[in-house]
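The primary structure of each chain is shown beneath.
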Amino acid sequence: MSVTGSSVRRINLVQLGVGLIGCTTIEQVLDHRARWQRELGLDLVYRGLIDFDGAVACDQADGYSESTLRRVIEARKQRRGLAEAAPEFGLTPRQGNEALDIATSFGPTIVMDTAVGEGTAELDAQALSAGAGLVFSNKAPFAMPHGTPVGDAIWACAGPLGLVRYETTCGAGLPVISTLRSLIDTGDEVIEIVGALSGTFGAIFSDVANGKPFSAAVRSAKEQGYTEPDPRDDLSGLDVARKALILARTMGRRVDLSELEIENLVPEAMRGLSVDDFLARASALDAAMAERAAEAKASGKALKYVATVRPDGPIAVGLRAIGKETVLGALQGPENIISFRTKRYDAYPLNVTGPGAGAAVTAAGVVADVLALATGPLGS
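Because the structure is a prediction, the values reported are computed rather than measured.

Another point: the sheet that holds strand S6 (residues 164-165). Reading across the sheet, the six strands line up as S3-S2-S1-S4-S5-S6 and stay open at both edges, with mixed pairing between neighbours. Both outer strands of the open sheet, strand S3 (54-57) and S6, are each paired with one neighbouring strand and no more. Sheet analysis places strand S2 (residues 42-51) next to S3, joined by four bridges and oriented antiparallel. Paired with Asp 51 across the strands is Gly 54, a residue of S3. The strands touched by helix H14 (residues 359-375) within the sheet are strand S1 (9-16), S2, strand S4 (109-113), strand S5 (133-136) and S6, with S5 carrying the most contacts at an inclination of about 160°.

When helix H6 (residues 149-156) is considered as a whole, its buried residues turn out to be Val 150, Gly 151, Ile 154 and Trp 155. End-on, the buried residues of H6 take up no more than an arc of 130°, which puts them together on one face. Residues of H6 that are exposed and angled more than 90 degrees away from the buried face: Pro 149 and Ala 156. Taken together, the buried residues of H6 touch helix H5 (121-129), S5, S6 and helix H11 (238-250).

Attention now goes to the sheet that holds strand S11 (residues 335-342). On the basis of which strands lie adjacent, the open sheet formed by six strands has the order S8-S10-S9-S7-S11-S12 and mixed pairing. Bordering the open sheet on either side are strand S8 (261-262) and strand S12 (350-355), each of which pairs with just one other strand. Sheet analysis places strand S7 (residues 190-196) next to S11, joined by six bridges and oriented antiparallel. Across the sheet, the residue bridging to Val 194 is Ser 339, located in S11. The sheet contacts of helix H13 (residues 286-298) involve strand S9 (301-309) and strand S10 (316-323), and relative to S9 the element is tilted by about 95°.

As a further point, take the packing of helix H8 (residues 199-209) against helix H9 (residues 214-223). To characterise two packed helices, one gives the angle between the axes of the helices and the distance between these axes. Here H8 crosses H9 at 140°, and the two axes come no closer than 9 Å. Judged on the interaxial angle alone, H9 and H8 are oblique. Helix-helix and strand crossings are classified by hand; for H8 and H9 the assignment is right-handed. The segment H8 lies against H9, with Ile 204, Phe 205, Asp 207 and Val 208 engaging Phe 214, Ala 217, Val 218, Ser 220 and Ala 221. Its residues assigned to classes, the contact of H8 with H9 shows seven nonpolar, one polar and one charged.

Conventions and cut-offs
- Residues numbered from 1 in each chain as written.
- Predicted model: local features only at pLDDT ≥ 70, side-chain atom pairs only at ≥ 80, totals over all residues.
- Heavy atoms only, no water.
- Pairing = 2+ DSSP bridges.
- Helix = DSSP H or I, 4+ residues; strand = E, 2+ residues; numbered from the N terminus.
- Contact = heavy atoms within 4.5 Å.
- Axes fitted to C-alpha atoms, helices over the stretch in contact; angles between N-to-C directions.
- Buried < 20%, exposed > 50% of the residue type's maximum accessible area, 1.4 Å probe, protein only.
- Arc of directions from axis to C-beta.
- Parallel < 35°, antiparallel > 145°, perpendicular 65-115°, else oblique.
- Left-handed = near helix turned anticlockwise from the far one by under 90°.
- Nonpolar A, V, L, I, M, F, W, Y, C, P; charged D, E, K, R; others polar.

Take a look at the structure:
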C-alpha cells in the first residue's frame, strides 16, 4: 500500500562517523528511501555528516542530494578526509556541534553514531538535549562508567520508549538486544547469557581446535581481515567485554567495565611491542594454548572465548571449555552465537546465531533502528 504525499513525514539524518560502516549506511538509505516514502510514509533526508576531521551540514530545504552523498562516499573510500574533500563538492566545513545545531533546527532528527571510541560522546549528548533520536553501532559511549553525565544520559533514554537504539553494539545485524528486550518486557527471567561475541575469536579458536598453532591462527585471522590492524586489540578481550557490559546493563545491572573479569590473551610483556614484533614472537604462546585446547578436547569439549552474563554475581569474559554437543561448542569460523537461558528457555536455551560483523549487516542493523525510531518514539 502506498502512502499519499500529504502523509509523508520528513526525518533529518546526521551521520556521525563516515567510515566503512557510516558510508555503507548512507548507501543503504539512498538505495531504499524511495520505497520507505511509498510504504512507510517516511522521507529520510541526510542533512549532516560529521567525521573525525570535521563536519558539513546542509541548510537547504531538501538536504543533501544523492549525487553529493555518493561523491562523499567515494572520497572516503579513497581515504580522503571529509574536511579535505568538502570544498571540492561545494560544501562548507564546520565544527561538529555547529553541524548538529543546523541539522536539528530543521525538525525531527536522528543521529547515527557509527564512529569508534568515546570521542563522539559530547555530540551524542548534544543530540539528546536537542530532542533528536540516537542510533548506535559505537559501543564505547555505552561502556562509560556510571556517574559519567553523558553515559548516564544515553542509558536513561535507552529503554523501549526512549529515543536511543543500540541493536548493533552487540552482534552487528543480529537481533541480540531486541531478543533480550522482548524476553524481559514479556516477564521472562534471565538465568544466564553465554555468548561467543567475537568473529575474530571464533575464527582463531576454530583453527586452534583443528591443530593449528595459536600464533599461526592469529596471523591467518589477520590476513583474512577478521582482526583489527593490531590483533592485540581483539586479543585483549576489551571488545567482547564491552558487549557483555551492554547486555548486563540492558538487564538492569548497575555495573562498570572495571568490575568485569576479563582474560587478556596477550601477556604483559608483549603489550608494548610493535605489531610486527608481537606477531614474530607470538609463537611463545603456542605451547600453553595448545595444552588448554588439548585438555578441552580430551573431555569432549572445545575451547571458546565467551562472555558469561548473569542477573547477579561475576560477569566473566575469557576462554572456557564448552561441550561440543551444544550449539556454542559446535561453533566453527567467525560466526557469533548468543545463548539465552531463561525461566522459559531453561532446558533448551534460545540461541541467536549468524555473522556478528561486516559492514553490510551492521549498516542494515543501524538502518532498522532508524526506521524503528522514525515510526515509533520519534514519529509519535
